[in-house]
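The chain contents come next:
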Amino acid sequence: MQRRNTAVFIDPDITIIDKLITEEWLCQITDDALNCLGVTGNKSIEIAITDDQKMTDLNLRHLGIDSTTDVLSFSNTHSPNKKNVASEEEQGVLTAVFIGEVVISSEQAERQADEKGISFMQEIAFLLAHGILHLLGWDHETEDERIEMENLHRKTLCAMLGESSSQIDVNYLA
């Protein structure tokens, strides 16, 4: 199976990134997540791992919140390729389509992993899955949406991490 064109940026100033969290690993679990969710192979995302300061700047600029957060998703719903995808797929030609970007604060992920009693890698996968679900249009504003998104999140984590995902509590109300 051909690998998606997933772009990964890990801020070089970050010192707490686990040596196991590599570009290759992030691309692999992203592929696993998107395949699990039925996203065709021509669709890809960008992933950025950054620090609390840059995350606070993004959160303030885009949401008006002057504090860090764990994950932000920026959907590319106005992709210039989007309107051509249906006709190209019908013709058997798959043009790469950029879905959007998931940005994760490594410092917030480390704090949350400690609080949850899971590994840093598991928390990065948890946040990446959460961000991907938002890119695909899922939300957790109502109870029904929350329950559906939590169930999809569990399924996605299982595809990404296998059995070790059972150690991760997916509960957005916690």
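Here we summarise the structure given alongside this text. The structure displayed is predicted, hence computed values, not measured ones.

Rules behind the numbers
Residues numbered from 1 in each chain as written. Predicted model: local features only at pLDDT ≥ 70, side-chain atom pairs only at ≥ 80, totals over all residues. Heavy atoms only, no water. Helix = DSSP H or I, 4+ residues; strand = E, 2+ residues; numbered from the N terminus. Buried < 20%, exposed > 50% of the residue type's maximum accessible area, 1.4 Å probe, protein only. Contact = heavy atoms within 4.5 Å. Core = buried A, V, L, I, M, F, W, Y, C linked by side-chain atoms within 4.5 Å. Salt bridge = Lys/Arg side-chain N within 4 Å of Asp/Glu carboxyl O. Phe/Tyr/Trp six-rings, centres within 6.5 Å; stacked < 30°, edge-to-face > 60°. Lys NZ or Arg CZ within 6 Å of the ring centre and 35° of its normal. Pairing = 2+ DSSP bridges. Axes fitted to C-alpha atoms, helices over the stretch in contact; angles between N-to-C directions. Parallel < 35°, antiparallel > 145°, perpendicular 65-115°, else oblique. Left-handed = near helix turned anticlockwise from the far one by under 90°. Nonpolar A, V, L, I, M, F, W, Y, C, P; charged D, E, K, R; others polar.

### Considerations on the overall build of the chain
Phase 1: When helices and strands are counted, the chain shows six helices and four strands.
Phase 2: The order of helices and strands in the chain, counted from the N terminus, is β-α-β-α-β-α-β-α-α-α.
Phase 3: The 174 residues of the chain split such that 45% are buried.
Phase 4: Contacts spanning at least 24 positions in sequence make up 70% of the contacts within the chain whose residues lie at least 6 apart.

### Overview of the nonpolar core
Phase 1: Of all hydrophobic cores here, the largest spans 40 residues; its most connected members are W25, L26, I104, L128, L157 and M160.
Phase 2: Elements that contribute at least two residues to this core include exactly α1 (23–36), β2 (43–50), β4 (97–105), α4 (106–116), α5 (120–135) and α6 (143–161).
Phase 3: A48, M55, L72 and V103 belong to the second largest nonpolar core, which has five residues in total.

### A short note on the pattern of salt bridges
Phase 1: Inspection of the entire model under this criterion finds seven salt bridges.
Phase 2: When the shortest N-O distance is used, the salt bridge between D52 and R111 registers 2.7 Å. Residue D52 is found in helix α2 (residues 52–63), and its partner R111 is found in helix α4; the two are separated by 59 residues along the sequence.
Phase 3: Judged by its relative accessible area of 15%, D52 is buried.
Phase 4: Put simply, E150 and R146 hold a salt bridge, and the shortest N to O gap is 3.0 Å. With a gap of four residues between them, E150 and R146 both fall in helix α6, about one helical turn apart.

### Brief notes about the packing of aromatic side chains
Phase 1: One pass over the full model with this rule turns up zero aromatic pairs.
Phase 2: Above the face of the F126 ring, K116 is positioned so that its terminal group lies 3.7 Å from the ring centre.

### Some words on the pairing of β2
Phase 1: Where burial is concerned, most of β2 is hidden: six out of the eight residues are buried.
Phase 2: Looking at chain direction, strand β1 (residues 7–10) and β2 are connected through four bridges and run parallel. Bridged to I10 within β2 is I49.
Phase 3: Looking at chain direction, β2 and β4 are connected through eight bridges and run parallel. If you follow S44 over to β4, its bridge partner there is F98.

### With respect to the sheet that holds β2
Phase 1: Sheet architecture is open: four strands sit in the order β1-β2-β4-β3, paired in mixed fashion. Two strands in the sheet have a free side with no partner beyond their single neighbour: β1 and β3 (71–75). Going across the sheet, the axis of each strand differs from the next one's by a mean of 15°, ignoring polarity.

### Examining the packing of α1 against α6
For any two helices packed against each other, the geometry is given by the interaxial angle and the distance between the axes.
Phase 1: Remark: α1 packs on α6, axes separated minimally by 8 Å, with the N-to-C direction vectors making an angle of 135°. In terms of orientation, α1 lies oblique with respect to α6. Handedness of the α1/α6 crossing: right-handed. On the side of α1, the interface is formed by W25, I29, D32, A33 and C36, while α6 contributes K155, T156, A159, M160 and L161.
Phase 2: When its residues are assigned to classes, the contact of α1 with α6 shows seven nonpolar, one polar and two charged.

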